[in-house]
Structures are given as C-alpha cells and as structure tokens.
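Here are the chains, one letter per residue:
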Amino acid sequence: EVDAAALSAPGDAAHRGAVRELEFHRELFEEAFGKSGGPVKLFVAGNHEWFGECDRIRKIWPDPGAWKEHALCADFPRHWERVWGEKYEGVWHKEVKGYHFFGRHWDDKVDEMEQANLVLGKAEELSLKGKKPFFILSHKRNHFKCNHALREFPNAVAFCGHWHQSNADWKTIYYDSF
C-alpha cells in the first residue's frame, strides 16, 4: 500500500493525443490508489496530449464526430475533466501538507508568464518568500521572462517533463542563479 500525499506527472501521458491513452493512466492510478481518494494529483499535460490533429490520429478517426470524442485536443478541457474528475485550468495552484504547487499545462493559449503571475499574485497571501520551498510544475521548461519574474524566490523548485529525463539522476538537475 502506498501512502503518498501527492503524485506529480509532468506531461506526456498520452503519446498520440488519444483520450484512451489518458484513460489508461487514470486506470493505473485507480489500480494503485483506489477509485476514491489517493494522493493529490499534480498533473500537467504535455505536448503529446495535444497531438490529436496530426495525420496519424485523423486516419484512425476520419469522421469529425468520432475524432471529437477520441482526440484530446478536440475539446481538451472536457476530456481532462471527464478523465481526471477535476476542472482543467491552464495554470493552477494546489496545496499539499502545507507545501504549494503551481502547475502549467502545455497549451498554446497559456504563456509561461501566466504561471509566474499566478505565483506573484499569491506570494504574499501564501508567504512564499523565505526558505521553505514551493514547486513549479510544467511540461515546458520555464525560460527568461518567467525566471526573471520569479528571481526573488530562490526557494522555488521547478520540474519539467519535456526532456524525458529522470530527476533521480543528479545530472538532470539544473541550477539558475538568475
């Protein structure tokens, strides 16, 4: 039995952007943690969840109605909510055991500054300045504008999934002094 307060998955749960691929992840989650409860899901979508418009997936479901029901990108918020049982938000904040997590989905409509602005907007209310770490989760790596905006938070720890590397390998941990 696993006793985890939170589980992070930084994207690419669906290789080709099919709803069924995301459902497989939910089924494994439920197998591990049960259908009710389990750890807080700190999940963000990656670029592979948005692959639904490519030729391969259109060949599988050429009918527009079938494609809309099977391709995540056809109606991502609706599919995400149905699969995971939580509202899709381009950027989000969750608190787990007193620690703060800020997530950003891979979504062309969501700029990295939206995540930085969410952090900055909650910084005082959540007492984010100091030594206690808080976490930034994204599939895309945050870059210059976001990093510059958060330069007063050396206690921010960011994880991205796009590089497909395990953070268990210390060589994948990067430090930026801003």
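Only a predicted model underlies this, so the values are computations on that prediction, with no experimental measurement involved. (Residues numbered from 1 in each chain as written. Predicted model: local features only at pLDDT ≥ 70, side-chain atom pairs only at ≥ 80, totals over all residues. Heavy atoms only, no water.)

Student: Break down the overall build of the chain for me, with residues and values.
Tutor: For the chain, the count of helices and strands is 6 helices and 6 strands. When the helices and strands of the chain are listed from N to C terminus, the series reads β-α-β-α-α-α-β-β-α-β-α-β. The proportion of buried residues among the 178 residues of the chain is 40%. Total accessible area computed for the chain in this model is approximately 10,800 Å², and 53% of it derives from carbon and sulfur atoms. (Helix = DSSP H or I, 4+ residues; strand = E, 2+ residues; numbered from the N terminus. Buried < 20%, exposed > 50% of the residue type's maximum accessible area, 1.4 Å probe, protein only. Areas by Shrake-Rupley, 256 points an atom, 1.4 Å probe, with all protein chains shown as cover.)

Student: Could you give me a rundown of the packing of aromatic side chains, with the residues and numbers involved?
Tutor: Applying the stated criterion to the full structure yields 14 aromatic pairs. For the pair F102 and F134, a centre-to-centre distance of 5.9 Å together with 80 degrees between the ring planes defines the contact as edge-to-face. Here F102, found in strand β4 (residues 99–104), pairs with F134, found in strand β5 (residues 134–138); they are 32 residues apart in sequence, far enough to count as distant. Taking relative accessible area as the criterion, F134 reaches 1% and is therefore assigned buried. (Phe/Tyr/Trp six-rings, centres within 6.5 Å; stacked < 30°, edge-to-face > 60°.)

Student: Break down helix α5 (residues 112–122) for me, citing the residues and quoting the values.
Tutor: Along α5, the residues that are buried comprise E112, M113, Q115, A116 and V119. Projected down its long axis, α5 carries its buried residues within an arc of 155 degrees, all on one side. Along its buried surface, α5 packs onto β3 (91–96), β4, β5 and α6 (144–149). If you check the start of α5, you find a side-chain oxygen 2.8 Å away from the backbone N of M113, and it comes from D111. (Arc of directions from axis to C-beta. Contact = heavy atoms within 4.5 Å. Polar contact = N/O pair within 3.5 Å; in protein donor to acceptor, adjacent residues only side chain to side chain.)

Student: For unusual backbone geometry, give the residues involved together with the corresponding values.
Tutor: Even without being a glycine, D12 presents a positive backbone phi close to 65 degrees. For D12, the location among the structural elements is in the loop between β1 (6–9) and α1 (19–33). Even without a glycine there, the phi angle at K97 is positive, about 50 degrees. Summarising the element assignment, K97 is placed in the loop between β3 and β4. Classification of K97 by relative accessible area gives exposed; the value is 69%.

Student: Lay out the sheet that holds strand β6 (residues 156–160) with the relevant residues and their values.
Tutor: Taken together, 4 strands build an open sheet; the order of strands is β3-β4-β5-β6 and the sheet is mixed. The open sheet has two edge strands with one neighbour each: β3 and β6. For this sheet, the mean angle separating the axes of adjacent strands, direction not counted, is 20 degrees. Where β3 lies against β4, 6 bridges are found, and the strand directions are antiparallel. Directly across from K94, in β4, lies its bridge partner F101. Relative to the sheet, α5 contacts β3, β4 and β5, its axis offset from that of β4 by approximately 155 degrees. (Pairing = 2+ DSSP bridges. Axes fitted to C-alpha atoms, helices over the stretch in contact; angles between N-to-C directions.)

Student: Talk me through the pairing of β5; I want residue IDs and the actual numbers.
Tutor: Counting buried positions along β5 yields 5 of 5 residues, so the element is predominantly enclosed. In β5, alternate side chains face the same way, and those of F134, I136 and S138 on one face and F135 and L137 on the other are all buried. The pairing of β4 with β5 spans 4 bridges and is parallel. The residue bridging G103 from the neighbouring strand is L137, located in β5. Traced from β4 through α5 to β5, the parallel crossover comes out right-handed. (Right-handed = clockwise from strand over helix to strand, strands pointing away.)

The quantities given are spatial measurements derived from coordinates; they are silent on function.
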